[in-house]
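Coordinate inspection notes
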Amino acid sequence: MNRDTRVNSLGFAKSPAETRVVVAMSGGVDSSVVAAELATQGYDVIGVTLQLYDHGAALAKSGACCAGRDIHDARRVAETLGFPHYVLDYENTFKEAVIDEFADSYLAGATPVPCIRCNERVKFRDLLETARDLDADCMATGHYIQRAEGAAKAELHMAADSARDQSYFLFSTTQEQLDYLRFPLGHLQSKAETRALAQKYGLSVADKPDSQDICFVPNGNYAAVIEKLRPGAADPGDIVDQEGNILGNHRGVIHYTIGQRRGLGIGGLADPLYVVKLDPEKRHVVVGPKEALTTKIVPVREINWLGDAAFEAQSEIAVRVRIRSTKLPSDAIIRPTGPTTADVELLTPEEGVSPGQACVFYSAEGTRVLGGGWIWRGY
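Summary of the structure given here. Keep in mind it's a predicted model, so treat the numbers as computed, not measured.

On to the overall build of the protein, then. Tallying secondary structure elements over the protein gives eight helices and 17 strands in all. The C-alpha radius of gyration of the protein comes to 22 Å, within 12% of the 21 Å expected for a compact globule of 379 residues. In terms of overall dimensions, the protein has a C-alpha envelope of 85 × 50 × 35 Å along the principal axes. Counting over 379 residues, the protein shows a buried share of 52%. Taking as baseline every contact in the protein between residues at least 6 positions apart, the subset at least 24 positions apart corresponds to 63%.

So, in structure tokens, the structure goes:
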């Protein structure tokens, strides 16, 4: 009798029972629904949760992930559905790979995105290797993004629900990682569908609020975290115009971001001023008119390329790009300057482009994610 070789829902030519999948469980509703769906379909599910930062501090904080209450919630879901669940202590790794760079980037006048580094350096590197060590066929997450089998290789695509799309935070996913990863929620049309599935499976987290802030930054107060991690970081300095004339004083460069208008403490001027540059070495916050924020050419480095043609072999690549998570992709041209560097020309100049942010590439038409890189100079 011939063995049934039909492809299962995760893309493997074997039965779900013969397919082992590690589910990265943060304790939230999204990853819990992924685990429930796969377990109900008969897959050999193993849940893994990463403890990323201090238990004691996390227990009192709502709206976070990967901490005390969330670990408990993930374990409870696994117990309800009857699959094994493991908690891995990654506090030291997380601090070295994500938190320390976050602090150093801020001190250098950048505006970092630690969630991207966490996906890149912890979840999709170390956790993925753990999944391989457990002999899993793949690793599944609750991210809102889609993986599709293209003509040449696996492709990354934006989520069906544009309001939930997380492609900006996953641009650094490598092709090797993409081959191994699965994103079962990417096709859903709304978060309401996810919560309905959680109710269907009787999950205790069905009504749990979404995480809002960066997990290790309580109430979004970046400066307080930096001061704790790097004592003396909030040294005062001068607010200067673009010619270097002193207009006022500030309480520390870390309290300011590119594009900021409010809270400068400069009055009596005819036209409003905006932060256009941060100079940590001189402890200067440079301000100027709104038009000084406009940027057309964006230098990008550490590029991860997921396109079909070799990146550096192309002189120009017509794409759409997103330079902050809250904006829709807009037309641009990539001009490679090296294997992992490029100048990106924005066909419609944008305001407030900041070093440390991501520049994510999308196909000129359609939903495919072509990778992206890090903005290293926004002025």
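Additional details are given in the paragraphs that follow.
So, on to the nonpolar core. If you look at the biggest cluster of nonpolar residues, it comprises 52 residues, and the most contacted ones within it are L52, F94, F102, V122, M139 and F216. Core analysis: the second largest hydrophobic core is formed by 29 residues, F12, L38, A74 and V205 among them.

Before going further, it helps to spend a moment on the pairing of strand β2 (residues 44-51). Taking burial as the measure, the eight residues of β2 include seven buried ones, the bulk of the element. Of the pairings in the sheet, the one linking strand β1 (residues 20-24) to β2 comprises five bridges and is parallel in character. Across the sheet, the residue bridging to A24 is V48, located in β2. Since β1 and β2 lie parallel, the crossover through helix α1 (residues 29-40) that links them has a hand, and here it is right-handed. Judged from the five bridges that link them, β2 and strand β3 (residues 85-89) form a sheet pairing that is parallel. Bridged to T49 within β3 is V87.

Scoring rules and cut-offs
- Residues numbered from 1 in each chain as written.
- Predicted model: local features only at pLDDT ≥ 70, side-chain atom pairs only at ≥ 80, totals over all residues.
- Heavy atoms only, no water.
- Helix = DSSP H or I, 4+ residues; strand = E, 2+ residues; numbered from the N terminus.
- Rg over C-alpha atoms; globule rule 2.2 N^0.38 Å.
- Buried < 20%, exposed > 50% of the residue type's maximum accessible area, 1.4 Å probe, protein only.
- Contact = heavy atoms within 4.5 Å.
- Core = buried A, V, L, I, M, F, W, Y, C linked by side-chain atoms within 4.5 Å.
- Pairing = 2+ DSSP bridges.
- Right-handed = clockwise from strand over helix to strand, strands pointing away.

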